[in-house]
Amino acid sequence: MFEWTDRLQAPGDWITFVLFMIFVLLAFLSQRHYLQFRLFVDIRNLKNYLNIYGKDKYLSPLHQFNFILFLISLLTFALYANFFYQEILFYFLGKINFNQILLFLFSLEFVRYLILKMISTPIGLKNTLDQLYFKTLTVKGLVGIIGGCFLSLCHFTFPDNQIYFLISLLILFASSFIYHFKIYIEITRKKPSYLLYLILYLSGFKIAPWLWLYLILY
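What you see is a predicted model; the values in this text were computed from it and never measured.

Some points on the overall build of the protein
Part 1 of the reasoning: Broken down by element type, the protein carries ten helices and zero strands.
Part 2 of the reasoning: Counting helices and strands in the order they occur from the N terminus, the protein gives α-α-α-α-α-α-α-α-α-α.
Part 3 of the reasoning: Within the protein, counting contacts between residues at least 6 apart in sequence, those at least 24 apart form 75% of the total.
Part 4 of the reasoning: For the protein, the exposed area adds up to about 12900 Å²; of that, 71% sits on carbon and sulfur atoms.

Quick word on the nonpolar core
Part 1 of the reasoning: With 46 residues, the main nonpolar core has Leu-29, Phe-40, Tyr-49, Phe-65, Ile-72, Leu-79 and Leu-151 as its most contacted residues.
Part 2 of the reasoning: Secondary-structure elements contributing two or more residues to this core are helix 2 (14–32), helix 3 (34–40), helix 4 (46–53), helix 6 (64–93), helix 7 (98–120), helix 8 (126–156) and helix 9 (162–190).
Part 3 of the reasoning: For this core, the leading source of residues is helix 6, giving eleven residues.

Observations concerning the environment of Asn-127
Part 1 of the reasoning: Inspection of the secondary structure puts Asn-127 in helix 8.
Part 2 of the reasoning: Classification of Asn-127 as partly exposed rests on a relative accessible area of 47%.
Part 3 of the reasoning: A sequence separation of 71 residues divides Asn-127 from Asp-56, and the C-alpha atoms of the two residues are 8.7 Å apart.

Observations regarding the side chain of Asp-130
Part 1 of the reasoning: Within the element layout of this structure, Asp-130 appears in helix 8.
Part 2 of the reasoning: Residue Asp-130 is classed as buried on the basis of its relative accessible area, which comes to 10%.
Part 3 of the reasoning: Setting aside its immediate chain neighbours within four residues, Asp-130 contacts Leu-59, Tyr-113 and Lys-117.

What counts as what
Residues numbered from 1 in each chain as written. Predicted model: local features only at pLDDT ≥ 70, side-chain atom pairs only at ≥ 80, totals over all residues. Heavy atoms only, no water. Helix = DSSP H or I, 4+ residues; strand = E, 2+ residues; numbered from the N terminus. Contact = heavy atoms within 4.5 Å. Areas by Shrake-Rupley, 256 points an atom, 1.4 Å probe, with all protein chains shown as cover. Core = buried A, V, L, I, M, F, W, Y, C linked by side-chain atoms within 4.5 Å. Buried < 20%, exposed > 50% of the residue type's maximum accessible area, 1.4 Å probe, protein only.

Rendered as structure tokens:
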């Protein structure tokens, strides 16, 4: 049995602080970018959001709205990864703390984006990459917000219910996979010639890093 009560009641209650930061960032977005945020959280109109804000002015990952979404998703995924590691992999791999997981995820995303930028510009795929990154960041942001809500319920309401955590993790994983699959299908429909680039992108930048990590750990 998982020892959720002991795990979640960490010294200094840093998990509560991380969850608090996620909702502070959400509150900032809703106040500073009210119209964009209102359309963004309406999942039924996700396509409209992507059409309206998928333009040059809003595509940059350093745009305030996109960057804060990135931080929210990063914190949420790091919390999920930390809980999963502590409960499933801890006894096999030893101690790895939340800060290390957070740093790894941030470094992975940062390095992957830099490499893609360097590759895409010379071969004329910069705009396609910007669109792809904007859409995937949007999906990650939505999943991150929903995941933050799930984790808050798990932390404050069901601290000893590992089934709830696993179900929420499965829901988020399935949702993210479905949304990303739709994005990739849309790209290949509009420009079938990009199929090869898409396959190389998925195998080289989405799958390979996790395979390398698995080989390093085992």
